[in-house]
Amino acid sequence: MHPTLAGDLSRLPELLQHVRDLAAREVSGLAGRPVARRDPAPVPAGLPGEGAGAEGALARFAEAWAPGFSGSAGPRYLGFVTGGATPASVAGDWLTAAYDQNVSGSAGSWAAALERETVAWLRELFGLGDAHSGAFVTGATVSTTVGLAVAREWLGERLGVDVSREGAAALGPVEVLSGSPHSSVAKALSVLGVGRDRLRRVPLLPGGREAVDVDALESALAALDGRPAIVVANAGTVDTVDFDDLRAVAALKERYGFWLHVDAAFGGFAALSPAHAHLVDGLDAADSVCVDLHKWLNVPYDAAVQFTRRRDLQVRVFHNASPYLGAPTGEPDFLHLTPENSRRLRALPAWFSLVAYGRAGHREIVERSVELAVRLGEGIDALDGLRLLAPVRLNVVCFTLADDPTTARVAALADAVAASGEAFLTPTVYGGVPALRAAFSNWRTTRADGERVLRALASALDTHG
């Protein structure tokens, strides 16, 4: 063994304690860390010839790189839909690395069984029935890709084509209908060989809504003259967290027989709140469901889960045929269910957080996030110089400048807020208007943080409004 490696092994407990000390300092100071770092990163160095050992690497990281990491896991990072990492999930993530299990299969370890238990808990959390099976993946984009890959195989089943063997070209043109599809849907269709241009947008409800007009969807389906199609429904859109009427869409499914994929990346967590659970009524009718966990479940990156009713088709798409892997019989190993063969135990942080805080703890995070979004929306509505572009339906506030909201002026406002170190918001365009969005999903965020965000906006308006 290389002497430096042997030395690290002999001092491993001390090393882990030093890493723990650095992590504890960083986490305890997270609320005070600037939410974004805009200054240049260090000039890349050359590959070391002789290693400095783990202690040397830790010291170099702490000095050269740690200061430039953002506070994206903190309470006032409101960009995208970004959760943090609950204490229990951090513990689970550290143990994931420590145990270093490959959850491709179930032989020789209980790790795969733990993932199945966690998937079952999540299925219950989101109100899905036993017909849905699932697996962990890296994020919502891969979850959507898996769901649409199974949908593609289902199209082949309907048309008498074995897509997993003959390829997507054997299907001919594919019809994919959606009202406000997330950008990852087009990306998935590109990866799957279906094509971005096969995604057809269906008219939305009037009044600035992002929810699909179900009557227009029915007209589009009727015009297909019985050809099978994929419908991508939304349980929470990016800009305004609007929800398609899933029950009405499911009723159309009974008549037109399409594949229903529901993007519930973060909106699915509405199921935890009795006041908002009606928004996901009908989710159980979906053939595939995408849920992102490093958003509102507040587990570390990267973690998402995908569900489907057609595990048989999922295995047909993703099975890995090799004598040393075994056939996907009975309860198929996870390597037969997702694009990955080797897989880390992403389920363990979620398992820890669900055991530690239960349904009640995660419900509190969701309901507090919604309350904070509503309060910020009210504050923005009362602030001269800003205006809401949509009602606050769940956990996202979409707003813009009251006067002359050009792309440049809105971007300047966002930059000023980020430069203050107080908050981070992401830009969007809603109804053709350049805008900003503040998304609440972090377990740390409190009313005091919401007030600081509002003050940062007011201060930025004074100089850049």
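Our structure's up above, just so we're on the same page.
Small disclaimer: the values here were computed from a predicted structure and weren't measured.

A closer look at unusual backbone geometry
Okay, step 1: Cis geometry is adopted by the peptide bond preceding Asp302, which originates at Tyr301 and carries an omega value of -5 degrees.
Okay, step 2: Positionally, Asp302 belongs in the loop between strand S6 (288-292) and strand S7 (304-308).
Okay, step 3: A positive phi angle, near 50 degrees, is found at Val241, a position not held by glycine.
Okay, step 4: When you line up the elements, Val241 lands in the loop between strand S4 (229-234) and helix H10 (246-256).
Okay, step 5: Note on Val241: relative accessible area 0%, which makes it buried.

Some remarks on the packing of helix H6 (residues 140-159) against helix H8 (residues 183-191)
Okay, step 1: Contact pair H6 / H8: the axes reach a minimum separation of 9 Å and the direction vectors enclose 55 degrees. When the interaxial angle is binned, H6 and H8 end up oblique. The interaxial crossing formed by H6 with H8 has right-handed handedness. The residues of H8 that touch H6, namely those facing Thr141, Thr144, Thr145 and Leu148, are Ser184, Val185, Lys187, Ala188, Leu189 and Val191.

Overview of the side chain of Ser441
Okay, step 1: Tracing the backbone shows Ser441 in the loop between strand S11 (433-439) and helix H14 (447-464).
Okay, step 2: Judged by relative accessible area, which is 1%, Ser441 ranks as buried.
Okay, step 3: At 3.1 Å, the side chain of Ser441 forms a polar contact with the backbone oxygen of Thr82.
Okay, step 4: Setting aside anything within four residues of it in sequence, one finds Ser441 in contact with Val81, Thr82, Gly83, Lys295, Trp296, Asn298, Ile365, Ser369 and Asn395.

Overview of the pairing of strand S2 (residues 175-178)
Okay, step 1: Residues Glu175 and Leu177 point to one face of S2 and Val176 and Ser178 to the other, with burial holding for every one of them.
Okay, step 2: As paired strands, S2 and strand S3 (residues 199-201) are joined by three bridges and run parallel to one another. Pairing of Leu177 across the sheet is with Arg200, part of S3.
Okay, step 3: Assessed by its sense of winding, the connection that carries the chain from S2 through H8 to S3 is right-handed.

A word on the environment of Asp415
Okay, step 1: Mapped onto the secondary structure, Asp415 falls in helix H13 (residues 407-419).
Okay, step 2: On the basis of relative accessibility, which here comes to 39%, the residue Asp415 falls in the partly exposed class.
Okay, step 3: As for Asp415 and Thr426, which are separated by 11 residues in sequence, their C-alpha atoms are 9.7 Å apart.

What to know about the pairing of S6
Okay, step 1: S6 sits mainly inside the fold: five of its five residues count as buried.
Okay, step 2: Sheet analysis places strand S5 (residues 259-263) next to S6, joined by three bridges and oriented parallel. Looking at the pairing, Val262 lines up with Val289 of S6.
Okay, step 3: Taken together, the five bridges between S6 and S7 define a ladder with antiparallel strand orientation. If you follow Cys290 over to S7, its bridge partner there is Gln306.

A look at the layout of surface pockets
Okay, step 1: Taken as a whole, the largest pocket spans an internal volume of roughly 1000 Å³.
Okay, step 2: In this structure, the largest pocket is lined by 28 residues; those nearest its centre are Ala23, Glu26, Val27, Ala73 and Val90.
Okay, step 3: Going through the elements one at a time, helix H2 (12-28) and helix H4 (87-99) are the ones with two or more residues in the lining of the largest pocket.
Okay, step 4: Partitioned by chemical class, the residues of the lining of the largest pocket number 18 nonpolar, five polar and five charged.
Okay, step 5: At the level of elements, H6, H8, S3, S6 and strand S10 (426-430) are the ones that each hand at least two residues to the lining of the second largest pocket.
Okay, step 6: The element that contributes the greatest number of residues to the lining of the second largest pocket is H8, accounting for four residues.

Focus: the nonpolar core
Taken as a class, soluble globular proteins show a tendency for nonpolar side chains to be buried jointly.
Okay, step 1: In terms of nonpolar packing, the biggest core is built from 64 residues, with Leu122 and Leu293 touching the most fellow members.
Okay, step 2: The leading source of residues in this core is helix H12 (residues 347-381), at seven residues.
Okay, step 3: If we skip the residues at most four places from it in the chain, Leu293 touches Leu122, Phe136, Phe269, Asn298, Val299, Ala303, Ala304 and Val305.

Details of the packing of H4 against H12
In a pair of packed helices, the angle between the axes and the distance between the axes together describe the arrangement.
Okay, step 1: Close contact between H4 and H12 brings their axes to 7 Å; oriented N to C, the two are set at 145 degrees. Considering how the two elements wind past one another, H4 and H12 form a crossing that is right-handed. Within the contact between the two elements, H4 uses Pro87, Ala88, Ser89, Ala91, Gly92, Asp93, Leu95 and Thr96 and H12 uses Leu348, Pro349, Phe352, Ser353, Ala356 and Tyr357.
Okay, step 2: Of the residues belonging to the contact of H4 with H12, the class tally is nine nonpolar, four polar and one charged.

Regarding the pattern of salt bridges
Oppositely charged side chains can form a pair if their charged atoms are brought close together.
Okay, step 1: Across all of its chains, the model carries 34 salt bridges by this definition.
Okay, step 2: Notably, a salt bridge pairs Arg309 with Asp284, separated by 3.6 Å at the nearest N-O pair. Note that Arg309 is positioned in the loop between S7 and helix H11 (311-318) and Asp284 in the loop between S5 and S6, a separation of 25 residues in sequence.
Okay, step 3: A salt bridge links Glu364 to Arg368; the nearest nitrogen and oxygen atoms lie 2.7 Å apart. Placement of both Glu364 and Arg368 in helix H12 is noted, with a separation of four residues, approximately one turn of the helix.
Okay, step 4: Residues joined in a network through salt bridges with shared partners are Glu175, Arg198, Arg200 and Arg227.

Reading guide: rules and limits
Residues numbered from 1 in each chain as written. Predicted model: local features only at pLDDT ≥ 70, side-chain atom pairs only at ≥ 80, totals over all residues. Heavy atoms only, no water. Helix = DSSP H or I, 4+ residues; strand = E, 2+ residues; numbered from the N terminus. Buried < 20%, exposed > 50% of the residue type's maximum accessible area, 1.4 Å probe, protein only. Axes fitted to C-alpha atoms, helices over the stretch in contact; angles between N-to-C directions. Parallel < 35°, antiparallel > 145°, perpendicular 65-115°, else oblique. Left-handed = near helix turned anticlockwise from the far one by under 90°. Contact = heavy atoms within 4.5 Å. Polar contact = N/O pair within 3.5 Å; in protein donor to acceptor, adjacent residues only side chain to side chain. Pairing = 2+ DSSP bridges. Right-handed = clockwise from strand over helix to strand, strands pointing away. 1 Å grid on protein atoms, 1.4 Å probe; cavity = no way out; pocket = protein on both sides within 12 Å on 5 of 7 lines; lining within 4 Å. Points joined across faces, edges and corners; volume = space filled by probe spheres on them. Nonpolar A, V, L, I, M, F, W, Y, C, P; charged D, E, K, R; others polar. Core = buried A, V, L, I, M, F, W, Y, C linked by side-chain atoms within 4.5 Å. Salt bridge = Lys/Arg side-chain N within 4 Å of Asp/Glu carboxyl O.

By themselves these figures say nothing about function.
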